[in-house]
Amino acid sequence: FANTNYFGKETQFRLVGIEEPEAHLHVHLQDHLAKNIKGIIHNENKDTQLIMTSHSTHICGTLDIENTVVIYNDNGIIKNHYILSGFTNSKDDIKRKRYLQKYLDATKTPMFFSRKLILVEGIAEQILIPTLFEKHTGKTLESVGCSLLNVNGIAFKNFLEIIRKGYYIKCAVLTDGDKGTETEDRAVKLIEEYSQYGDVISINTNEVTFEKEIMEFNKGNHSKKHILEAYEDIKPRAGKSYKESFYNTQDGEFDLARDIIVEDVFQKIKNCKSEFAYNLNMSIEDNPDIQFIIPDYIKAAFDFIIDDK
């Protein structure tokens with residue numbers, strides 16, 4: 001990009017265009033390229049404007065989001081939106097911009113390559129939601145253009161602000177109600193704050209936690225077998241003993257009338273939620289004939305996502 005002897009004349013390129021530089025590049029080289037481009041523009045050629053198009057989450061996760069534009073098709077109309085459009089220099093917005101610049105890496109930037117989005121709190125939801133979505137809708141998340149983003153906590157507002165400020169993609173949030181804890185009003189406040197954006201944002205919450213809600217809806221009938229198998233895989237001795245207690249010692253029949261004691265099982269698996277989610281997911285996939293009931297708040301989020309109105 002520096003001054004170059006071009007046709008016998010010293011030339012300074014003021015505008016440089018690069019189209020999809022990630023083609024045929026290993027992901028490490030994509031990161032390397034993006035960092036080099038960022039360094040050149042920021043440190044050496046402040047008079048040079050660079051316009052680059054890319055489908056690489058690695059490149060998008062490395063470059064400055066201040067100048068990142070999403071180009072998308074909205075019902076046949078090609079539109080564009082600067083990611084940070086609408087953000088101001090207020091204390092809250094500056095804090096959010098810093099958070100997003102650090103957090104939007106290659107695992108999060110897929111939200112800018114999709115037209116629908118599901119935000120979840122943690123790894124357990126990240127593991128199970130794709131399977132539950134397919135079970136409920138008969139479609140994969142990818143087939144409906146939906147990305148699943150794990151915010152690793154409750155930092156939903158940082159992402160919801162992007163949508164509220166003009167990036168109008170459908171976004172469903174799945175968050176715990178945490179009833180009986182110090183944060184039990186958090187989900188309610190989130191619903192109130194974004195209620196006027198109901199056409200693009202849907203906040204869906206349970207009463208307590210994701211794992212408890214899953215177990216509560218599947219504590220009886222045949223569906224509880226999934227819970228018992230996941231529990232046994234985590235706690236081989238205690239889990240196996242608990243699972244065997246549901247089989248009649250006389251004829252070996254599975255007791256359909258007896259319910260799982262949700263709180264007891266939760267206390268056993270609460271320190272290994274990701275393993276529980278993984279094992280539960282495997283049980284659901286390996287035993288498609290066993291009914292599995294999806295909690296209402298999760299089904300509501302799915303229905304919102306697949307509704308194309």
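Residues numbered from 1 in each chain as written. Predicted model: local features only at pLDDT ≥ 70, side-chain atom pairs only at ≥ 80, totals over all residues. Heavy atoms only, no water.

Draft legend 1. Representation of the overall build of the protein in the model. Along the protein, the regular secondary structure elements total 12 helices and 10 strands. Expressed along its principal axes, the backbone C-alpha trace of the protein runs to roughly 95 × 40 × 40 Å. For the protein, the residues scored as buried account for 43% of the 309 residues in total. Considering only contacts in the protein between residues 6 or more positions apart, those separated by 24 or more positions represent 74%. Surface accessibility of the protein: about 17,000 Å² in total, with carbon and sulfur atoms responsible for 49%. Side-chain charges of the protein comprise 38 positive and 48 negative groups, with the mean position of each set lying 4 Å from the other. (Helix = DSSP H or I, 4+ residues; strand = E, 2+ residues; numbered from the N terminus. Buried < 20%, exposed > 50% of the residue type's maximum accessible area, 1.4 Å probe, protein only. Contact = heavy atoms within 4.5 Å. Areas by Shrake-Rupley, 256 points an atom, 1.4 Å probe, with all protein chains shown as cover. Lys, Arg positive; Asp, Glu negative; His and termini not counted. Charge placed at Lys NZ, Arg CZ, Asp CG, Glu CD.)

Draft legend 2. Region of interest: the sheet that holds strand E7 (residues 116-120). The strand order across the open sheet formed by 4 strands is E8-E7-E9-E10, and the pairing between neighbours is parallel. Both outer strands of the open sheet, strand E8 (146-150) and strand E10 (201-205), are each paired with one neighbouring strand and no more. Each strand axis lies, on average, 15° off the axis of its neighbour in the sheet, ignoring direction. Lying over the sheet, helix H12 (residues 296-306) contacts E7, E8, strand E9 (170-175) and E10, oriented at roughly 170° with respect to E9. (Pairing = 2+ DSSP bridges. Axes fitted to C-alpha atoms, helices over the stretch in contact; angles between N-to-C directions.)

Draft legend 3. Representation of the packing of aromatic side chains in the model. Enumeration over the complete set of coordinates arrives at 10 aromatic pairs. An angle of 85° between the planes, with centres 5.1 Å apart, marks the rings of Phe133 and Phe302 as edge-to-face. With Phe133 in helix H4 (residues 123-137) and Phe302 in helix H12, this residue pair connects regions lying 169 residues apart in the sequence. Grouping residues by exposure puts Phe133 and Phe302 together as buried. Seen from their ring centres, Tyr242 and Phe246 are 5.2 Å apart, and the 85° between their planes marks the pair as edge-to-face. On the accessibility criterion, Phe246 (1% relative accessible area) is buried. The ring centre of Phe304 lies 4.6 Å from the NZ or CZ of Lys170, which sits over that ring. One Lys or Arg, Lys225, reaches over the ring of Phe254 and ends 4.8 Å from the middle of that ring. (Phe/Tyr/Trp six-rings, centres within 6.5 Å; stacked < 30°, edge-to-face > 60°. Lys NZ or Arg CZ within 6 Å of the ring centre and 35° of its normal.)

Draft legend 4. Quick look at the layout of surface pockets. Quantified by volume, the largest pocket comes out at close to 1,000 Å³. Lining the largest pocket are 29 residues, and of these Met52, Thr53, Asn67, Thr68 and Val69 sit closest to its centre. Mapped by element, the contributors of at least two residues to the lining of the largest pocket are helix H1 (27-43), strand E4 (49-53), helix H2 (57-62) and strand E5 (69-74). For the lining of the largest pocket, the leading source of residues is E4, giving 5 residues. Residue composition of the lining of the largest pocket, grouped by class: 16 nonpolar, 9 polar and 4 charged. In this structure, the second largest pocket occupies an estimated 380 Å³ of space. Along its surface, the second largest pocket is lined by 13 residues, and Asp74, Asn75, Arg115, Tyr168 and Lys170 are the ones closest to its centre. Of the residues assigned to the lining of the second largest pocket, the class counts are 3 nonpolar, 2 polar and 8 charged. (1 Å grid on protein atoms, 1.4 Å probe; cavity = no way out; pocket = protein on both sides within 12 Å on 5 of 7 lines; lining within 4 Å. Points joined across faces, edges and corners; volume = space filled by probe spheres on them. Nonpolar A, V, L, I, M, F, W, Y, C, P; charged D, E, K, R; others polar.)

Draft legend 5. Summary view of the pairing of E8. Most of E8 sits inside the fold, with 4 of its 5 residues counted as buried. Across 5 bridges, the pairing between E7 and E8 is parallel. Of the residues in E8, the one forming a bridge with Leu117 is Ser147. In the classification by handedness, the crossover that spans E7, the intervening H4 and the parallel E8 is right-handed. (Right-handed = clockwise from strand over helix to strand, strands pointing away.)

Draft legend 6. Molecular detail of the environment of Glu285. Its place among the elements puts Glu285 in helix H11 (residues 273-286). Using a relative accessible area of 45% as the deciding quantity, one classes Glu285 as partly exposed. A C-alpha to C-alpha distance of 33 Å links Glu285 and Ile191, two positions 94 residues apart in sequence. Separated by 3.4 Å, the side chains of Glu285 and Thr131 make a polar contact. (Polar contact = N/O pair within 3.5 Å; in protein donor to acceptor, adjacent residues only side chain to side chain.)

Draft legend 7. The arrangement of the packing of helix H8 (residues 224-234) against H11 in detail. Two numbers describe how H8 lies on H11: the axes approach to 8 Å, and their chain directions differ by 130°. One finds that H8 runs oblique with respect to H11. H11 is crossed by H8, and the crossing has right-handed handedness. Touching His226, Ile227, Glu229, Ala230, Tyr231, Asp233 and Ile234 of H8 are Glu275, Phe276, Asn279, Leu280, Ser283 and Ile284, all from H11. Of the residues in the contact of H8 with H11, the class split is 7 nonpolar, 3 polar and 3 charged. (Parallel < 35°, antiparallel > 145°, perpendicular 65-115°, else oblique. Left-handed = near helix turned anticlockwise from the far one by under 90°.)

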